[in-house]
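Single-letter residue listing:
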Amino acid sequence: MRGTPPVRSAPRRRARLPWAGAALAAVVAALLAPTPAHAAPVQITPDGDAVTASTSDENVPANAVDDDYDTRWSGEGDGAWLELDLGASMTVTHMKLAVYNGTERRNVFELQYWNGSRWVTVHDGETSGETTRLETFRFDPVQTSRVRYLGHGYEGDGEGDWNSLTEVEVWGTPGGDDGGDDGGDAEFPSDVLDLSDWKVTLPIGDDGDPTEIFQPDLDTYVHDEFFRVSDSGDAVRFRAPVNGVTTGGSSYPRSELREMEPGGGDETEWSSTSGTHTMTVREAFTHLPEDKPHVVGAQIHGGDDDVTVIRLEGSKLWITEGDESNHHLITDDYELGTVFEVRYVVSDGEIDIYYNGALETTIEHRDSSNYFKAGAYTQANCGNSSPCSDDNYGEVEIYDVAVTHGSGSGGDEDGDNGGGDGSDSTQAAVRHGWGTPLAISDEFDYTGPVDPEKWAVPSGTVGGTQGCWEGHDGNGRRCAKNSVVEDGIMTMTGEANGDSGWLRQRLETQYGRWEIRSRSQNTGSSGGLYHPLHLIWPTEGNRLENGEYDWVEYANPDAQCLTAFLHYPQSPTDEKERRDLCPLDMTEWHNFAFEWTPDALVGYVDGEEWFRVADGANDERGDIQDMPSGHLNIQLDNFTGDGGLRPAEFQVDWVRVYE
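Residues numbered from 1 in each chain as written. Predicted model: local features only at pLDDT ≥ 70, side-chain atom pairs only at ≥ 80, totals over all residues. Heavy atoms only, no water.

Looking only at helices and strands, one finds three helices and 41 strands in the protein chain. For the protein chain, buried positions account for 57% of its 659 residues. Here the contacts in the protein chain between residues at least 6 apart in sequence split such that 69% fall between residues at least 24 apart. (Helix = DSSP H or I, 4+ residues; strand = E, 2+ residues; numbered from the N terminus. Buried < 20%, exposed > 50% of the residue type's maximum accessible area, 1.4 Å probe, protein only. Contact = heavy atoms within 4.5 Å.)

Once that is clear, we can look at the side chain of Asn522. Relative to the elements of secondary structure, Asn522 occurs in strand β32 (residues 512-522). At a separation of 2.9 Å, a polar atom in the side chain of Asn522 contacts the side chain of Asn556. A distance of 3.1 Å separates the side chain of Asn522 from the side chain of Asp558, its partner in a polar contact. What Asn522 contacts, discounting residues up to four positions off in sequence, is Leu529, Asn556, Pro557, Asp558, Arg646, Pro647 and Ala648. (Polar contact = N/O pair within 3.5 Å; in protein donor to acceptor, adjacent residues only side chain to side chain.)

We now examine the packing of aromatic side chains. Scanning all chains against the criterion turns up 23 aromatic pairs. Ring centres of Tyr334 and Phe340 lie 5.9 Å apart, and the angle between their planes is 90°; on these two criteria the pair is classed as edge-to-face. Considered together, Tyr334 and Phe340 belong to a single accessibility category, that of buried residues. Pairing Phe340 with Tyr355 gives two aromatic rings, centres 5.4 Å apart and planes at 35°, and the pair type is tilted. One end of the pair, Phe340, is in strand β19 (residues 340-347); the other, Tyr355, is in strand β20 (residues 350-355), with 15 residues separating them in the sequence. Grouping aromatic residues by their ring pairs yields a cluster made of Tyr511, Trp514, Tyr549, Trp551, Phe594 and Trp596. In this arrangement the basic side chain of Arg72 is found over the ring face of Tyr100, its NZ or CZ atom lying 3.8 Å from the centre. The residue whose ring lies beneath Arg621 is Tyr568, and the NZ or CZ to ring-centre distance is 3.9 Å. (Phe/Tyr/Trp six-rings, centres within 6.5 Å; stacked < 30°, edge-to-face > 60°. Lys NZ or Arg CZ within 6 Å of the ring centre and 35° of its normal.)

Glancing now at the state of the cysteines. According to the stated counting rule, one finds three disulfides in the structure shown. With its sulfur 2.0 Å from that of its partner, Cys468 forms a disulfide with Cys479. On the S-S bond that ties Cys468 to Cys479, the torsion sits near 115°, and the link is right-handed. Taken together, the residues span a long stretch of sequence, with Cys468 in strand β26 (residues 468-470) and Cys479 in strand β27 (residues 477-479) at a distance of 11 residues. Per residue, the accessibility class of Cys468 equals that of Cys479, and both read buried. Here Cys561 connects covalently by a disulfide to Cys582, the sulfurs 1.9 Å from one another. Judged by the sign of its S-S torsion, about 130°, the cystine formed by Cys561 and Cys582 is right-handed. Of this pair, Cys561 sits in the loop between β34 (548-553) and β35 (562-567) while Cys582 sits in the loop between β36 (576-581) and β37 (590-596), placing them 21 residues apart in sequence. (Disulfide = S-S within 2.5 Å.)

Our next topic: the side chain of Gln215. Secondary-structure assignment places Gln215 in the loop between β10 (209-213) and β11 (227-229). A relative accessible area of 13% places Gln215 in the buried class. Polar contacts involving the side chain of Gln215 include one to the side chain of Asp219, which spans 3.3 Å. If sequence neighbours within four positions are ignored, Gln215 has contacts with Leu195, Ser196, Trp198, Gly263 and Gly264.

Our next topic: the sheet that holds strand β28 (residues 483-486). Read from one edge of the open sheet, eight strands run β24-β28-β29-β41-β32-β37-β38-β39, paired in antiparallel fashion. Two strands in the sheet have a free side with no partner beyond their single neighbour: β24 (448-449) and β39 (608-613). Note: β28 against strand β29 (residues 489-494), four bridges, orientation antiparallel. Looking at the pairing, Val485 lines up with Met490 of β29. (Pairing = 2+ DSSP bridges.)

Now for the pattern of salt bridges. In this structure the tally under the stated criterion is 26 salt bridges. In this structure, the salt-bridge partner of Arg146 is Glu83, at a minimum N-O distance of 3.2 Å. One end of the pair, Arg146, is in strand β7 (residues 135-156); the other, Glu83, is in strand β4 (residues 81-99), and 63 residues separate them in sequence. Taking relative accessible area as the criterion, Arg146 reaches 23% and is therefore assigned partly exposed. Between Glu495 and Lys481 there is a salt bridge, and its shortest N-O distance comes to 2.7 Å. You can see Glu495 sitting in the loop between β29 and β30 (499-500) and its partner Lys481 sitting in the loop between β27 and β28, a full 14 residues away along the chain. (Salt bridge = Lys/Arg side-chain N within 4 Å of Asp/Glu carboxyl O.)

This next bit is on the confidence of the model for the protein chain. Overall, the predicted model of the protein chain reaches an average pLDDT of 87, with 89% of residues at or above 70. This stretch, residues 177-184, has a pLDDT under 50; its non-local contacts, to residues over four places away or in other chains, come to 17 contacts. Counting contacts from residues 408-422, a segment whose pLDDT is below 50, to residues more than four positions away or on other chains yields 52 contacts. (pLDDT = per-residue confidence, 0-100.)

Inspection of the secondary structure assignment puts His123 in strand β6 (residues 119-126). Between the alpha carbons of His123 and Glu608 there is a distance of 8.4 Å; along the sequence they are 485 residues apart.

Before going further, it helps to examine the environment of Ile624. Here Ile624 is to be found in the loop between β39 and β40 (630-638). The spatial distance from the C-alpha of Ile624 to the C-alpha of Ala614 is 6.0 Å, given a sequence separation of 10 residues. Those residues in contact with Ile624 that lie beyond four places of it in its chain are Tyr549, Leu566, His567, Tyr568, Pro569, Glu577, Leu601, Val613, Ala614 and Asp615.

With respect to the element layout, Asp390 can be found in the loop between β22 (370-378) and β23 (393-406). Residue Asp390 is classed as partly exposed on the basis of its relative accessible area, which comes to 32%. Apart from residues lying up to four places away in sequence, Asp390 is in contact with Glu225, Pro241 and Asn243. Within the structure, Asp390 has its side chain in polar contact with the side chain of Asn243 (distance 3.2 Å).

What follows deals with a negative patch on the surface. On the surface, a cluster of negative charge is made up of Glu130, Asp197, Glu261 and Asp266. In this fold, Asp197 is placed in the loop between β8 (162-174) and β9 (198-206). The exposure class assigned to Asp197 is partly exposed, which follows from its relative accessible area of 32%. (Patch = residues over 30% accessible without salt bridge, like charges linked within 9 Å, V, L, I, M, F, W, Y side chains within 5 Å. Areas by Shrake-Rupley, 256 points an atom, 1.4 Å probe, with all protein chains shown as cover. Lys, Arg positive; Asp, Glu negative; His and termini not counted. Charge placed at Lys NZ, Arg CZ, Asp CG, Glu CD.)

A separate point is the pairing of strand β33 (residues 530-538). The buried count for β33 comes to eight of nine residues, which makes it a mostly enclosed element. The sheet contact formed by β33 and β40 spans nine bridges and is antiparallel. Across the sheet, the residue bridging to Trp537 is His631, located in β40. Bridge count between β33 and β34: four bridges; the pairing is antiparallel. Within β34, the residue paired with Leu533 across the bridge is Glu553.

Now for the pairing of strand β5 (residues 105-114). The element β5 is largely enclosed, with a buried count of eight among its 10 residues. With seven bridges connecting them, β5 and β6 associate as antiparallel partners. Across the sheet, the residue bridging to Gln112 is Thr121, located in β6.

This is the structure:
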């Protein structure tokens, strides 16, 4: 299965922890604060003479950048690529693709950048199959001088191994991370937000029939007063005055996006009982009307009325349900300009609504005529707010908005779908189509000790305690009592006296795929540090002979670095490969995945590849992927001794194993 364009959102949790209080709130506040103004992305597509391809017929590579939809590049074969040389190192934020016969074909592809030594995939997915116009695919900004499209053929009206593009655009900022002086300011709202699948309704036009701007006109549309780039350059400002034109079904004005079919041509609707539908919006209320200071910033609409909205009334931020405008209070002290994230997750007849990553409320709703909206929907007019002028308005700034629609059933509070087959592309299993988890997987949806059918725990009596044996390298003890399941989370504790946890999964295998959602936290103020690990330990136990794959290991979650140590088999001198990923906040939830095949060892974080190692045999070692058999261990290792440890917790939300 290949996913839709990646969507980043705050981690979602089943349980709130004592140690996650003030510190976590500070982290969330920092993450949601508006970023400093930088030069907005501009098109940095090179000329045709800087575009090459691995293969082509008479439809040559330069055709993909000639601004002509009647020409194309076509390359045959799974793995055919089109490379664009930018000529200098630049920050690339997204790419736009137009597909030949795009209403009949869904191109299957990867977008990659050159990191100086290898190609790195930043997006893996399909085009919509709904348009021949440009479609936008965003990813975390990367610094590079070369990007490429790696094609895997097409699906849709039949399938084939031709890779055909009529146009490709590269967007970013020249001159490095800050964009230099050449990046320019964002000119259109579409330079800030991906508006490919939206229309905007404005508070101008005729009574009962306000102006609406559709794609493709929306890509180059701006209204200086009601729909434009914010002064900071990193958000879109939506403004609706109390004297604005309204739609036929409302007495209130709006400057608001309405979800459309892929490509933006027609209005869309979806069912709350079929599939999973999400919208994530990062926004801030920035101005309220007089007398009735009420504004809506995001909503789900269905049929002839709104289903639920995010509504600010003075300083009180509410979630509504139907006609109940004060269904759930999020906060009573909201300050204008405060950036927050709201996320709707709709499935199985329920709407889960999250605010800054925390579940606020669940609303039951069963209907098939739903769609998402976001912007400024002012809940005041000239009849209840004075003055009746353009200077009296509601205003919202949106920093990001993203929508996904998946065919799977709904998820739990941690952003997964319970079975690993949904639309959450922060899971490697979802993004790369690993299929259904094996029965040995564990969602930790029970309370008490870990499931003995799935996990082995320490079984000795070291120190006079049942279920304890010696710790790592003889330091302290590993004890069964230190791994407990509660509130959907397995928590492994490391104590000041050196007692810690250890689990071994009851599956011995050569090759496989594992994905684990975890985080850790120092809960004490001083002492020796515990080491959280996810690893594959050799069945025979001799790692110098058989190898060892420590694919998640770190000594201090506060250091914000992840390390992998991958030990070669048949290596008496213990040769190994080390990979580091920094910065990465290990106190936050992340999805860590490991893929072990006859070809390579591959690590993923939140769905994105971060290491790949293979082969390497010489006189001192075998190929790195050639461990004969192994099993998954989860450990909180004590490297210090029988005391003087800094207490810590290692938490696991779920463990999933795939063929």
